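# Secondary and tertiary structure notes
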Amino acid sequence: MASMKRVRVALAPRTVRQLRRVRSVYLVGMMLSVLGLVLQSGREGSGRQSEIAGVLVVVFTVLLGLAVVQLWRHQRAAHCSTAKKLTRSA
């Protein structure tokens, strides 16, 4: 059985900038969804709204996690020329 090597490919600079920007959007969405979930939990008859807020919390959490993982993997690809161009030189 041949072992498969994981090849780390650096992301394009534009993609990295977009992922960094969208992290804050996902974080704000997750926090607002949690706030909505907390506010709806005390009300009677708010089953549908609570379910929607819970789904939104999960969706924003997953999206934030994926963005963070992609950026983390990109930083670990230090051997790639794109990653070297993005690091600050002293």
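It should be emphasised that the depicted structure is a prediction, and the values quoted were computed from it without experimental measurement.

Right, let's get into the overall build of the protein. For the protein, the count of helices and strands is 3 helices and 0 strands. Listed by position from the N terminus, the elements making up the protein come as α-α-α. Taken across its 90 residues, the protein has 22% of its residues classed as buried. Split by element, the accessible area of the protein, about 7,300 Å² in all, is 61% carbon and sulfur.

So, about a nonpolar patch on the surface. Residues Val-55, Val-58, Val-59, Val-62, Leu-63 and Leu-66 make up a contiguous nonpolar surface patch of roughly 490 Å² in combined accessible area. The exposure class assigned to Val-62 is partly exposed, which follows from its relative accessible area of 48%.

Turning our attention to the side chain of Ser-50. Its location among the elements puts Ser-50 in helix H2 (residues 47-76). Those residues in contact with Ser-50 that sit more than four places away from it in its chain are Leu-37, Gln-40 and Ser-41.

As a further point, take the environment of Ile-52. Considering the arrangement of structural elements, one finds Ile-52 in helix H2. Along the backbone, Ile-52 and Leu-37 are 15 residues apart, and their C-alpha atoms lie at a distance of 8.5 Å.

In an α-helix, one full turn covers 3.6 residues, which means residues spaced three or four apart are oriented alike. End to end, helix H1 (residues 13-41) covers 42 Å across 29 residues, agreeing with the expected 42 Å (1.5 Å per residue, within 8%). Within H1, the full set of buried residues consists of Val-16, Leu-19, Tyr-26, Gly-29, Met-30, Ser-33 and Gln-40.

Averaged over all residues, the pLDDT of the protein equals 81, while 74% of them reach at least 70. The least confident element of the protein, judged by mean pLDDT, is helix H3 (residues 81-86) at 56; the most confident is H1 at 91.

Let us look at the environment of Leu-66. Counting through the fold element by element, Leu-66 comes out in helix H2. We classify Leu-66 as exposed; its relative accessible area is 51%. As for Leu-66 and Arg-23, which are separated by 43 residues in sequence, their C-alpha atoms are 9.5 Å apart.

Here Val-28 is to be found in helix H1. Along the chain, Val-28 and Phe-60 lie 32 residues apart, while their C-alpha atoms are 8.8 Å from each other.

Calculation criteria
- Residues numbered from 1 in each chain as written.
- Predicted model: local features only at pLDDT ≥ 70, side-chain atom pairs only at ≥ 80, totals over all residues.
- Heavy atoms only, no water.
- Helix = DSSP H or I, 4+ residues; strand = E, 2+ residues; numbered from the N terminus.
- Buried < 20%, exposed > 50% of the residue type's maximum accessible area, 1.4 Å probe, protein only.
- Areas by Shrake-Rupley, 256 points an atom, 1.4 Å probe, with all protein chains shown as cover.
- Patch = residues over 30% accessible without salt bridge, like charges linked within 9 Å, V, L, I, M, F, W, Y side chains within 5 Å.
- Salt bridge = Lys/Arg side-chain N within 4 Å of Asp/Glu carboxyl O.
- Contact = heavy atoms within 4.5 Å.
- Expected span 1.5 Å × (residues − 1).
- pLDDT = per-residue confidence, 0-100.

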